[in-house]
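So the chains spell out like this:
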Amino acid sequence: MSATQPSTAVHRTQSRPEAPLLDVRNLSVRFGAHEVVKGVSFQVHAGEKLAIVGESGSGKTVTALSLLGLVGQAQVSGQALFDGTDVLRLPEPDLQRLRGGDVAMVFQEPMTALNPLMRVGDQIAEIFEQKKAFSHDLSIKFAIELMDAVGLPDPAHMARAY
């Protein structure tokens, strides 16, 4: 692993007096004797976008995965307050409710992010079916609306694509 730590860039459109939606403080992640993330801190307010950038091996993915409790047997320390709750201290059932409902991660490798054997719309709809207990038809409708909202061309056609 590289000794270089990831850096963050937050797009702020205005000054934010309210508490941040996500407040990460002194996050460190260790695999055995190897500390791969050391003392990372950042805040994100509602409506902001966060980019974590850095060299290959600098800890970008491990930083994000640790916030969702997805780093296996790693030792994670620090605080990660999401809407006032320290997600680093949540038990697994609470993390499962949080993932895909209130918090999600967009993985960096598009060739592994989507299953090429499933239609794109079905993959997005699956979250609504699992987390919200929506019908498949309603879930597909929401998936198409989301693809339209982010500016994807012809979202209805894209939802049927593999």
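It should be noted that the structure appears before, not after, this text.
Residues numbered from 1 in each chain as written. Predicted model: local features only at pLDDT ≥ 70, side-chain atom pairs only at ≥ 80, totals over all residues. Heavy atoms only, no water.

> I'd like a description of the overall build of the protein chain, backed by residues and values.
Secondary structure assignment for the protein chain yields six helices and six strands. Along the protein chain, helices (α) and strands (β) appear in the sequence β-β-β-β-α-β-β-α-α-α-α-α when read from the amino end. For the protein chain, long-range pairs separated by at least 24 residues make up 58% of all intrachain contacts whose partners lie at least 6 apart in sequence. Of the roughly 10300 Å² that the protein chain leaves accessible, carbon and sulfur atoms contribute 56%. (Helix = DSSP H or I, 4+ residues; strand = E, 2+ residues; numbered from the N terminus. Contact = heavy atoms within 4.5 Å. Areas by Shrake-Rupley, 256 points an atom, 1.4 Å probe, with all protein chains shown as cover.)

> Lay out the nonpolar core in plain terms, naming residues and giving numbers.
Counting residues in each nonpolar core, the largest one holds 19 residues, and the members touching the most others are Leu22, Val24, Leu27, Val29, Phe42 and Leu67. For this core, the elements supplying multiple residues, two or more each, are strand 2 (22-31), strand 3 (34-44), helix 1 (60-67) and strand 5 (75-82). Sort the elements by how many residues they give to this core and strand 3 lands first, with five residues. (Core = buried A, V, L, I, M, F, W, Y, C linked by side-chain atoms within 4.5 Å. Buried < 20%, exposed > 50% of the residue type's maximum accessible area, 1.4 Å probe, protein only.)

> I'd like a description of the side chain of His45, backed by residues and values.
Counting through the fold element by element, His45 comes out in the loop between strand 3 and strand 4 (49-53). A polar contact is formed between the side chain of His45 and the backbone oxygen of Glu18, at a distance of 3.1 Å. (Polar contact = N/O pair within 3.5 Å; in protein donor to acceptor, adjacent residues only side chain to side chain.)

> Summarise the sheet that holds strand 5; cite the residues concerned and give the values.
With respect to topology, four strands assemble into an open sheet ordered 3-2-5-6, the strand pairing being antiparallel. Single-partner strands in this sheet number two, and they are strand 3 and strand 6 (85-86). Looking at chain direction, strand 2 and strand 3 are connected through seven bridges and run antiparallel. What sits directly across from Leu22, in strand 3, is Val44. Here helix 1 sits on the sheet and contacts strand 2, strand 3 and strand 5; the angle it forms with strand 2, its principal contact strand, is near 115°. (Pairing = 2+ DSSP bridges. Axes fitted to C-alpha atoms, helices over the stretch in contact; angles between N-to-C directions.)

> Lay out the packing of aromatic side chains with the relevant residues and their values.
Inspection of every chain in the model, using the stated rule, returns three aromatic pairs. Their ring planes at 35° and their centres at 5.4 Å tell us that Phe128 and Phe142 sit as a pair that is tilted. Placement of the pair is Phe128 in helix 4 (residues 120-132) and Phe142 in helix 5 (residues 136-149), with a sequence separation of 14 residues. A relative accessible area of 16% places Phe128 in the buried class. The class of Phe142 is partly exposed, set by a relative accessible area of 28%. Linked through ring pairs, Phe128, Phe134 and Phe142 together constitute an aromatic cluster. Over the aromatic face of Phe142 sits the side chain of Lys141, whose NZ or CZ is 6.0 Å from the ring centroid. (Phe/Tyr/Trp six-rings, centres within 6.5 Å; stacked < 30°, edge-to-face > 60°. Lys NZ or Arg CZ within 6 Å of the ring centre and 35° of its normal.)

Coordinates in, geometry out; function isn't part of it.
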